[in-house]
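Here is how the chains run, residue by residue.
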Amino acid sequence: MPRRGVDYERLRLVSEYNHLYKRGRRAYGQLVVVFGQKKPQGGLPRLGVSVSRKVGKAVVRNRTKRFLRESFWAFLSEIPSGWDIVICARPLIASASFSEVRGEVKRAFGRLFRAN
RNA sequence: AGAGCAGGGAGGGCGGCCGCUGGCGCGUUUUUGCGCGCUGGAGGAAAGUCCGGACUCCGAAGGGCAGGGCGCUGGGUAACACCCAGGAGGGGUGACCCUACGGAAAGUGCAACAGAGAGCAGACCGCGAAUUCGCUUAUUUAUAGCGAACGCAAGGGUGAAACGGUGAGGUAAGAGCUCACCAGCGGCCCGGGUGACCGGGUCGGCUUGGUAAACCCCGCCCGGAGCAAGACUAAACAGGGGGGAUUGAGCGCUGCCCGCGCGAGCCCCCGGGUGAGUCGCACGAGGCGCCGGGCAACCGGCGUCCCAGAUAAAUGGCCGUCGCCCGUUGAGCGUGAAUCGCCUGCGGGAACAGAAUCCGGCUUAUAUCCCUGCUCUGACG
RNA sequence: GCCCUCAUCGUCUAGUCAGGUCUAGGACACCGCCCUUUCACGGCGGCGACAGGGGUUCAAAUCCCCUUGAGGGCG
């Protein structure tokens, strides 16, 4: 398995999230909504995760975020470089297992990158 | 063996691969950063935010009113609405459990419906051969009967609640009207206890209801906001518009007053910009062990340990194995027979729940398992 | 994270502070009947709620405590 410690970064600024929500490309699923856009300057792919209180309590939200990050790392090699990704959880994800979440993210990524 | 009471504890272990995050060291790099190694990384409730503090700012934390909280006694504590010990009342056969448990003869208020009457109460049915009047019998009186006035509150009935209970005397009928005992209230005295209170004696008037999680009275406590508090650095926008007040105005920490402070340019609203980083931020009323004091909560001494610190926010994913629980396979074993236990194979399950300034409590949620002490019932000895 | 507010028929609300005439009132909606040739309007009647649990009280939508669910503010 190739080493993948370095090859992504995290989104940290509120303005970057808002920019993706307004300008980014979207892919809707039952459990998640994925926003994405290619940065003009390129670089490493960056991930942001958003889980609102509507999803559930703190335990559920934390588990959901871990599932989403784990899914992102699983398909990191399929993401073209220079993309910013935000994965938003939808309320139904609270009762899903990890394999279901991973499948959802895989399908959403497929739709998101299909045009490229 | 069954049922139960009280207290305490655990909240899966080990290993592999891939990852996340804090610290330290080394290497590399102009720096940000990156790599490697070592090491730390959720809970008993981290939760609800219901109390109490620490801490920070508001002026140095002042006074009064208003407002809020608490409420048997003694102790513990930084503090508490918490904890410990005790008292009283109530519940349970019992082990034990529960209690916002000051004051209703300081005052005000409230009590629907029903009922005669609901707070210095009242008379519907009823009771009444005393007293007065009328009528009937009747010459009149007496007697008897009926009705009314009047007297009474024992009995019936209403209600959540009806102004002590039982017995005797008393009376026309009755009534603490009188007496005995009992219950309850108040005063005084004696004894025990730090105290709440307990035990006993004596005297008194004969009884004086409920509600204070209604207002209130009494005693004690509380200034307000909250780490998104607050301090600093950097960057950026603007140097704007409207209004107020104009000399003891205005402002300064909830409402008012006093007091105090600032005080010539101030205040309020609108609009605009940045919304990045450092500190606060983890050594503390700290954990563990031993000894001593105390019934206990807890306190003191000594030794030892450093044990999460993010900021779109860290503990996860996959797998192996052992242990636990549930279901099930087996002409297996205890065993003679099992629905009981053990072994074996297969399948499934493992709760409540995730630190965000930090502590002490309370409350609520919690699969399963373990330990200690005690009670009741049944059987056997 | 910290600090607040609210919860009543299907919907919007009155009543809550000062507990009792509350088997909780009104409007819209819904159902049935009347009116009309029919629909609408109008009239009459009906259905239908105190978020859940406990406590105080003779008595709780109202007072107190806990839980649950919505909504808001603070950098």
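As shown above, the structure is provided for reference.
Everything in this summary refers to the structure shown in the same document. In this text the structure is predicted, and so the values were computed from the model without any measurement. (Residues numbered from 1 in each chain as written. Chains lettered and ligands numbered in written order. Predicted model: local features only at pLDDT ≥ 70, side-chain atom pairs only at ≥ 80, totals over all residues. Heavy atoms only, no water.)

Before going further, it helps to spend a moment on the overall build of chain A. Looking only at helices and strands, chain A features 3 helices and 5 strands. For chain A, the N- to C-terminal ordering of α and β elements is β-α-β-β-β-α-β-α. Taken over the C-alpha trace, chain A has a radius of gyration of 13 Å; the compact-globule value for 116 residues is 13 Å, and the two agree within 12%. Summarising its shape, the C-alpha atoms of chain A cover approximately 40 × 35 × 25 Å along the three principal directions. (Helix = DSSP H or I, 4+ residues; strand = E, 2+ residues; numbered from the N terminus. Rg over C-alpha atoms; globule rule 2.2 N^0.38 Å.)

Moving on, we come to the pairing of strand β4 (residues 46-50). Most of β4 is tucked away: 4 of the 5 residues are buried. In this view, the connection linking β4 to its parallel neighbour strand β5 (residues 83-89) by way of helix α2 (residues 58-74) has left-handed handedness. (Buried < 20%, exposed > 50% of the residue type's maximum accessible area, 1.4 Å probe, protein only. Right-handed = clockwise from strand over helix to strand, strands pointing away.)

Helical geometry: 3.6 residues make up each α-helical turn, so side chains three or four residues apart lie on a common side. Compared with the 21 Å implied by 1.5 Å per residue over 15 residues, the 21 Å span of helix α3 (residues 98-112) between its first and last C-alpha is a close match. Every buried residue of α3 is listed here: Val 101, Glu 104, Val 105, Ala 108, Phe 109 and Leu 112. For α3, the buried positions fall inside an angular range of 135° around the axis, keeping them on one side. (Expected span 1.5 Å × (residues − 1). Arc of directions from axis to C-beta.)

Let us look at the pairing of strand β3 (residues 32-38). Of all 7 residues in β3, 5 are buried, a share of seventy percent or more. Where strand β2 (residues 25-28) folds back on β3, the antiparallel hairpin that results is connected by 3 residues. Examined bridge by bridge, β3 and β5 share 7 bridges and lie antiparallel to one another. What sits directly across from Gln 37, in β5, is Asp 84. (Pairing = 2+ DSSP bridges.)

The biggest cluster of nonpolar side chains holds 27 residues, and the ones touching the most others in it are Val 34, Leu 68, Phe 72, Ile 85, Ile 87, Ile 93 and Phe 109. The dominant element in this core, judged by the number of residues it contributes, is α3, at 5 residues. Beyond its immediate sequence surroundings of up to four residues, Ile 85 is in contact with Leu 11, Leu 20, Val 34, Phe 35, Gly 36, Arg 46, Leu 47, Gly 48, Phe 72, Phe 109, Leu 112 and Phe 113. Judged by nonpolar contacts, the second largest core, of 7 residues, contains Leu 11, Phe 35, Val 86 and Cys 88. (Core = buried A, V, L, I, M, F, W, Y, C linked by side-chain atoms within 4.5 Å. Contact = heavy atoms within 4.5 Å.)

Next up on the list: the packing of aromatic side chains. Per the stated rule, a full pass over the model turns up 6 aromatic pairs. Put simply, the rings of Phe 72, Trp 83, Phe 109 and Phe 113 pair up and form one aromatic cluster. (Phe/Tyr/Trp six-rings, centres within 6.5 Å; stacked < 30°, edge-to-face > 60°.)

Our next topic: the pattern of salt bridges. The full count for this structure, using the stated rule, is 4 salt bridges. Here Lys 106 and Glu 78 are joined by a salt bridge, their closest N and O atoms 4.0 Å apart. With Lys 106 in helix α3 and Glu 78 in the loop between α2 and β5, the pair connects residues that are 28 residues apart, well separated along the chain. For Lys 106, a relative accessible area of 45% translates into the label partly exposed. The shortest N-O distance in the salt bridge between Arg 107 and Glu 104 comes to 2.9 Å. Taken as a pair, Arg 107 and Glu 104 lie in helix α3 at a separation of 3 residues, close to a single helical turn. Residues joined in a network through salt bridges with shared partners are Glu 16, Arg 46 and Asp 84. (Salt bridge = Lys/Arg side-chain N within 4 Å of Asp/Glu carboxyl O.)

In short, the description is geometric, and any link to function would need to be established separately.
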